[in-house]
Amino acid sequence: MSRIVVNPSLCDRCGECVAACPFGALSLRNDTVDVSDQCRLCLVCTRRCPRGAILLVKEKADGAGVSDVRTGVTGMRSGANKVEVLRDSARGIMVFAEYHGGRFEPVTYELIGKALELAGKVGDNVVCVAAGESVLEPARELLHYGVDKVLVYDAPELRYFVAPAYTEILEDAIRRVKPGVLLIGATPLGRSLAPRVAVRFRTGLTADCTILDIRPDGELVQTRPAFGGNIMATIVTRETRPQMATVRYKVMKRAERRPVPSGDLEEVTLSGSPGGTLARIREHLNRIKVISDSPLPKTESIADAEVIVAVGRGVRSDKDLPMFERLAERLGGVLACSRPLVEKGWFPASRQVGLSGRTVRPKLYIACGISGAIQHAAGMSESEVIIAINQDRNAQIFDVAHYGIVGDMYEIVPELLRLFSA
Ligand SMILES: Cc1cc2nc3c(=O)[nH]c(=O)nc-3n(C[C@H](O)[C@H](O)[C@H](O)COP(=O)(O)OP(=O)(O)OC[C@H]3O[C@@H](n4cnc5c(N)ncnc54)[C@H](O)[C@@H]3O)c2cc1C
């Protein structure tokens, strides 16, 4: 059981905690502050108290209290269940470089591109964190992308992605660097890792950001669609650090590779001392059993395609799909779809473009019988050239299309096939 306690000898009854408590759980008493059962342990008061008089106390089973302790590490605060990077000492942008299967996830280079842009605006550094087994040599490649430093954790214990173990790595990296911002790819692995790290630091995390910007004071402005894509929400993490965001593949522009590497590579050797990071990682690994480690069969991702022919509810029957498949093949591309066709069971979810599907940025996107709802456009509007075929001249898809063909696609697509085979 955890509870909040106020140390009366430190409390000067300034009332800041009472004003800050979002649950109205605190009130001033004669000599100190009362904490009512409305308290939800959100810890806003512990952070707001200028005298450090409010602590989270974790009780042991025998009822004895273990109080929140502050470490001597500059810029860090830690205690029962939490580690904190202090706002004023946090600087720089950290990118988690996701490594597996012998390569860095392509989203890594896009995160670096965005991190360099943000860092350039406020004069900060960019640090990449690479973790895995035998990652040291591959990590040198990251130095070709303009980052200031690559922090490498190369250990056999990191062979498999075990989320709690990788959380320990990121905690260690954050403790060392104390970044103001941490960017992670919104991959299946990143989506599992980011919330764990955010909880560890009791900090804010904005998932699936589509726009990131930074204010001169280092405050990260995180924008993402909300309420089913009907509004764009702008989110800032005012109090806590690092400010964490995940970003999907193909949303940000990739950093350019430079022929000459720059920046430093630092290999972190984790000590195996009891209670240390490596010991904790080993404890996590002891709880899992690897029963097979053969790689999953590679599935073709629509996110990597240079040409996409996408079909929507304008398709009358799944028997008509081969016609669109032929068009995609003829152009050296792949067939994708809008959400209703996944719901009908005509396509797997991996083929869906949009807010709840994949984000794509191909050279050519041909939308056939797709109305262009905001949730669909969110996943394809950054394509280089968009051609829309729709019989409704007022369809929203024409707002994002570079070229529009108004008409029946059952006449237009066969005509295109004839043209392309000529
Ligand atoms: C939270 C949330 C998340 C969502 N996520 C996604 C997502 O990721 N991806 C997605 O696609 N949708 C998503 N949607 C659904 C989205 O709102 C739309 O309902 C969907 O995109 C519509 O698909 P559509 O354009 O294929 O169908 P419709 O809106 O029904 O459009 C069909 C179009 O086909 C045209 N048409 C019909 N016949 C022909 C013809 N013969 N020739 C030419 N044109 C023809 C019509 O004029 C019409 O414009 C989401 C919705 C919500 C609420």
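Because the structure is a prediction, the values reported are computed rather than measured.

### Some thoughts on unusual backbone geometry
- Omega for the peptide link from Arg241 to Pro242 comes to -5°, which places this bond in the cis form.
- Tracing the chain through its elements places Pro242 in the loop between strand 17 (231-235) and strand 18 (243-247).
- Here the phi dihedral of Leu41 falls at roughly 60°; this positive angle occurs in a residue that is not glycine.
- By the element assignment, Leu41 lies in the loop between strand 3 (33-35) and helix 2 (44-48).
- Phi angles above zero are rare outside glycine, and Ser134 is one such case at about 55°.

### Focus on the pattern of salt bridges
- Inspection of the entire model under this criterion finds 25 salt bridges.
- A salt bridge links Arg140 to Glu137; the nearest nitrogen and oxygen atoms lie 3.2 Å apart.

### Topic: the packing of aromatic side chains
- Tallied over the entire structure, the rule returns 4 aromatic pairs.
- The interplanar angle of 45° and the centroid separation of 4.6 Å between the aromatic rings of Tyr109 and Tyr145 together place this pair among those described as tilted. Of this pair, Tyr109 sits in helix 3 (residues 107-122) while Tyr145 sits in the loop between helix 4 (136-139) and strand 12 (149-154), placing them 36 residues apart in sequence. Across the pair, exposure class does not vary: Tyr109 and Tyr145 are buried alike.

### Digging into the site of the ligand
- Near the ligand, the surroundings consist of 26 residues, among which Ser338, Gln352, Ser356, Ser371 and Asn390 are the closest.
- Contact between the ligand and Ser338: an oxygen atom at 2.6 Å from a side-chain N or O atom of the residue.
- Measuring from an oxygen atom of the ligand, one finds a backbone N or O atom of Arg339 at 2.9 Å.
- About the coverage of the ligand: the protein hides 77% of its 980 Å² of free accessible area.
- Looking at the shell around the ligand, the elements that each hand over two or more residues are helix 9 (339-343), helix 10 (374-377) and helix 12 (409-421).

### Structural notes on the side chain of Thr237
- Its place among the elements puts Thr237 in the loop between strand 17 and strand 18.
- Polar side-chain contacts of Thr237 include one of 3.4 Å to the side chain of Gln222.

### A closer look at the sheet that holds strand 24 (residues 403-406)
- Strand order in the open sheet made by the 5 strands is 21-20-22-23-24, with parallel pairing throughout. Each edge of the sheet is formed by a strand with only one pairing partner; in this case those strands are strand 21 (334-337) and strand 24. Averaged over all adjacent pairs, the angle separating strand axes in this sheet is 20°, with direction ignored.
- The sheet contact formed by strand 20 (residues 307-311) and strand 21 spans 4 bridges and is parallel. Looking across to strand 21, one finds that Val311 is bridged to Cys337.
- Contacts from helix 12 reach strand 22 (364-368), strand 23 (385-390) and strand 24 within the one sheet, and its direction differs from that of strand 23 by about 135°.

### Remarks on the environment of Arg313
- On the secondary structure map, Arg313 appears in the loop between strand 20 and helix 8 (321-330).
- For the pair Arg313 and Ile370, spaced 57 residues apart in sequence, the C-alpha separation works out to 6.5 Å.
- Setting aside anything within four residues of it in sequence, one finds Arg313 in contact with Ser338, Pro340, Leu341 and Gly369.

### A look at the domain arrangement of the protein chain
- Here the protein chain is partitioned into domain 1 (2-68), domain 2 (88-286) and domain 3 (302-421).
- Between the C-alpha centres of domain 2 and domain 3 the distance comes to 34 Å.
- Both faces considered, domain 2 and domain 3 share a buried interface measuring about 920 Å² in area, 44% of it formed by carbon and sulfur atoms.
- Sorting the residues of domain 2 by area buried against domain 3 places Arg248, Tyr249 and Lys250 first, and these three jointly supply 55% of that buried surface.
- In this structure, the connection of domain 2 to domain 3 is made through 8 residue pairs in polar contact (both at pLDDT 80 or more).

### Side note on the nonpolar core
- In this structure, Ile93, Phe104, Ile112, Leu142, Val150, Leu183 and Leu212 are the most contacted members of the largest nonpolar core, which totals 36 residues.
- Among the elements of the structure, strand 8 (93-97), helix 3, strand 11 (126-132), helix 4, strand 12, strand 13 (181-185), strand 15 (211-214) and strand 18 are those that each provide at least two residues to this core.
- No other element matches the 8 residues that helix 3 contributes to this core.
- If near-sequence neighbours (up to four positions away) are discounted, Leu142 is found in contact with Ala97, Phe104, Thr108, Tyr109, Ile112, Cys128, Ala130, Val147 and Val150.
- In this structure, Ala90, Leu170, Leu193 and Val197 belong to the second largest nonpolar core, which totals 30 residues.

### A word on the sheet that holds strand 17
- With antiparallel pairing, the 3 strands of this open sheet are ordered in space as 15-16-17. The outermost strands of the open sheet, each flanked by one partner alone, are strand 15 and strand 17. Shown here is a sheet whose adjacent strand axes are inclined to one another by a mean of 25°, direction ignored.
- Alignment of strand 16 (residues 220-226) against strand 17, held across 5 bridges, turns out to be antiparallel. The residue bridging Pro225 from the neighbouring strand is Met232, located in strand 17.

Rules of the game
- Residues numbered from 1 in each chain as written.
- Predicted model: local features only at pLDDT ≥ 70, side-chain atom pairs only at ≥ 80, totals over all residues.
- Heavy atoms only, no water.
- Helix = DSSP H or I, 4+ residues; strand = E, 2+ residues; numbered from the N terminus.
- Salt bridge = Lys/Arg side-chain N within 4 Å of Asp/Glu carboxyl O.
- Phe/Tyr/Trp six-rings, centres within 6.5 Å; stacked < 30°, edge-to-face > 60°.
- Buried < 20%, exposed > 50% of the residue type's maximum accessible area, 1.4 Å probe, protein only.
- Near = heavy atom within 4 Å.
- Polar contact = N/O pair within 3.5 Å; in protein donor to acceptor, adjacent residues only side chain to side chain.
- Areas by Shrake-Rupley, 256 points an atom, 1.4 Å probe, with all protein chains shown as cover.
- Pairing = 2+ DSSP bridges.
- Axes fitted to C-alpha atoms, helices over the stretch in contact; angles between N-to-C directions.
- Contact = heavy atoms within 4.5 Å.
- Domains from an automatic or database assignment.
- Buried area = accessible area lost by both parts, 1.4 Å probe.
- Core = buried A, V, L, I, M, F, W, Y, C linked by side-chain atoms within 4.5 Å.

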